[in-house]
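# Structural overview
Chain residues, written in single-letter form:
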Amino acid sequence: MAQVLGIESSCDETAVALVDSERRIVAQRIASQDAEHAPYGGVVPEIAARAHAERLAPMIEGVLEDAGIALADCDAIAATAGPGLIGGVMVGLVSAKALAMASDTPLIAINHLEGHALSPRLADATIGFPYALLLVSGGHCQILKVDGVGEYRRLATTIDDALGEAFDKTAKILGLGFPGGPAVERAALEGDADAVPLPRPMVGSGEPHFSFAGLKSAVLRADECGQYAVADIAASFQQAAVDCVTDRLRIAIEGMDDVDTLVVAGGVAANATVRRALERLAADHDMRFAAPPPKLCTDNAAMIAWAGIERLGQDDPLDISARPRWPLDPEAEPVRGAGVKA
Ligand code: KG4
Ligand code: ZN
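Residues numbered from 1 in each chain as written. Chains lettered and ligands numbered in written order. Predicted model: local features only at pLDDT ≥ 70, side-chain atom pairs only at ≥ 80, totals over all residues. Heavy atoms only, no water.

## Regarding the overall build of the chain
Scanning the chain from N- to C-terminus turns up eleven helices and ten strands. By the compact-globule yardstick of 20 Å for 342 residues, the chain fits well, its C-alpha radius of gyration being 20 Å. Counting only C-alpha atoms, the chain reaches 60 × 50 × 35 Å along its principal axes. In the chain, which comprises 342 residues, the proportion classed as buried is 53%. In the chain, 73% of the contacts between residues at least 6 apart in sequence involve partners at least 24 apart. (Helix = DSSP H or I, 4+ residues; strand = E, 2+ residues; numbered from the N terminus. Rg over C-alpha atoms; globule rule 2.2 N^0.38 Å. Buried < 20%, exposed > 50% of the residue type's maximum accessible area, 1.4 Å probe, protein only. Contact = heavy atoms within 4.5 Å.)

The following block contains the structure:
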């Protein structure tokens, strides 16, 4: 049985976990920085990097203590090496390098998106390759075919905002606070999803890409007109977003051969309305549906440790660089009309 220590620091969660090859999360700690960033309504990179630097070392010590093992007993140290806010990524990666050097343990540099992409396999041993993956987080919104560890084909991406970003911006417009996704979901529980007519950008387009900028502008107009209750706008936004996702995913799935499993991962996968809609979509296509438990959907270190387990045997050099951008499918063509997002 192998054990890997995972470190995650690419955005605003500082997280450390010890995971074994039997899929046990032996110990984990996670510190959210919501309180630090809330006054600014979004993540401030400099504040994030500083908070990671202050918290990480004692958290690593705590996890090893909880697990009752020494660093040298770990089979590898896996750390997020990108993509993400570069200051935070460097804090985690440099810490992992120092620990790897001091304990003579292999270092495995993990792509944060791969951590999300493989997280369903940590939650469920029966999920094998290939699978169709909807990866929806604060910075990314993609549909991928996952053929194996390190084998990703991107079928769709967003031409403007990511889905989590659309939730966060909607929360900001509606004054629901930070972090936005869970706040919109809570507000929507009290609202009528049919109350506010909102657009479904890209729905009906033959290619499965996403766009959410127009939906966000429509939310802003609905809020400014003063005609609608906040809960109704939240519920209508959430429904419009879900309709976009299921329509785009349907196009992508119908173009994929020999894939019988649909998987969702990333922070927005914690949303119950999104999960229910995807479950129905999978059933309509005779596919199996899998979603990790919500705590494994939002950023965490167990998924990074697990990606390390999947990559055991890899021994990255200690001069490996942190990467602010690191696409899962480097061969993917840029999308016409798209901004700079991978
Ligand atoms: O994967 P994640 O924790 O961090 C990134 O890698 O970006 O995803 C964070 C994103 C945020 O945009 C957050 O608002 C969204 O996931 N999110 C949600 C929910 N929980 C988190 N969006 C909708 N509903 C939720 N329950
Ligand atoms: Zn993430």
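## Quick look at the sheet that holds strand β4 (residues 76-82)
Spatial ordering of the open sheet is given by β3-β2-β1-β4-β5, a layout of five strands whose pairing is mixed. Edge positions in the sheet fall to β3 (25-32) and β5 (107-111), since each has one partner strand and no second. Going from strand to strand, the sheet's axes swing by 20° on average, the running direction of each strand aside. With five bridges joining them, β4 and β5 adopt parallel strand pairing. Bridge pairing in β5 links isoleucine 77 to leucine 107. Contacting β1 (3-8), β4 and β5, helix α3 (residues 86-103) crosses the sheet at an angle of about 155° to β4. (Pairing = 2+ DSSP bridges. Axes fitted to C-alpha atoms, helices over the stretch in contact; angles between N-to-C directions.)

## Some remarks on the coordination of the zinc ion (ligand 2)
Here the zinc ion (ligand 2) is held by His112 (NE2), His116 (NE2) and Asp299 (OD), and the distances to it run 2.0 to 2.1 Å. Sequence spacing among the residues donating to the zinc ion (ligand 2) works out to H-x3-H-x182-D. Pair noted here: histidine 112 is in helix α4 (residues 112-123) and aspartate 299 is in the loop between α10 (294-297) and α11 (302-310), with a separation of 187 residues, a long-range link. The exposure class assigned to histidine 112 is buried, which follows from its relative accessible area of 7%. (Donors = N, O, S within 2.8 Å, 3.2 Å for Na, K, Ca; no water.)

## Looking at the layout of surface pockets
Put simply, the largest pocket is a space of about 1500 Å³. Lining the largest pocket are 47 residues, with Cys11, Ser137, Gly138, Gly139 and Asp168 positioned closest to its centre. Of all the secondary structure elements, the ones that give two or more residues to the lining of the largest pocket are α4, α5 (163-173) and α6 (180-188). Of the residues contributing to the lining of the largest pocket, the split by class is 18 nonpolar, 18 polar and eleven charged. (1 Å grid on protein atoms, 1.4 Å probe; cavity = no way out; pocket = protein on both sides within 12 Å on 5 of 7 lines; lining within 4 Å. Points joined across faces, edges and corners; volume = space filled by probe spheres on them. Nonpolar A, V, L, I, M, F, W, Y, C, P; charged D, E, K, R; others polar.)

## Notes on the site of ligand 1
Inspection of the region around ligand 1 gives 19 residues, with Gly138, Asp168, Gly181, Glu185 and Asp299 positioned closest. Contact between ligand 1 and histidine 112: an oxygen atom at 3.2 Å from a side-chain N or O atom of the residue. At 3.0 Å from an oxygen atom of ligand 1 is found a main-chain nitrogen or oxygen belonging to glycine 267. Under a 2 Å grid-point criterion requiring more than half of the atoms, the pocket assigned to ligand 1 is the largest pocket. Sorting the residues of the shell around ligand 1 by element identifies α4, α5 and α6 as the ones contributing at least two each. Split by residue class, the shell around ligand 1 holds five nonpolar, eleven polar and three charged. (Near = heavy atom within 4 Å. Polar contact = N/O pair within 3.5 Å; in protein donor to acceptor, adjacent residues only side chain to side chain. Sits in = over half its atoms within 2 Å of the grid points.)

## Side note on the pairing of β1
Working note: regular strand, side chains alternate between the two faces of the sheet. Burial of β1 is extensive: six of the six residues sit out of reach of the surface. Along β1, one buried face is formed by Gln3, Leu5 and Ile7 and the opposite face, lined by Val4, Gly6 and Glu8, is buried too. Bridge analysis of β1 against strand β2 (residues 13-20) gives six bridges, and the strand direction is antiparallel. Considered in β2, the bridge of glycine 6 is made with alanine 17. Linking two consecutive strands that pair antiparallel, namely β1 and β2, is a turn of four residues. Pairing of β1 with β4, which is carried by four bridges, proceeds in the parallel orientation. In the sheet register, leucine 5 faces β4, and the bridge partner there is isoleucine 77.

## A short note on the sheet that holds strand β6 (residues 131-136)
Here five strands make up an open sheet; going across it, the order is β8-β7-β6-β9-β10 and the pairing mixed. In the strand order of this sheet, the two ends are held by β8 (151-156) and β10 (288-290), each with one partner. Ignoring which end each strand starts from, the neighbouring axes of this sheet average 25° apart. In the sheet, strand β7 (residues 141-148) pairs with β8 via five bridges, with the strands oriented antiparallel. Bridging across to β8, glycine 148 finds its partner in glutamate 151. Strands in contact with α4 are β6, β8 and β9 (261-265); relative to β6, the strand with the most contacts, it is inclined by about 130°.

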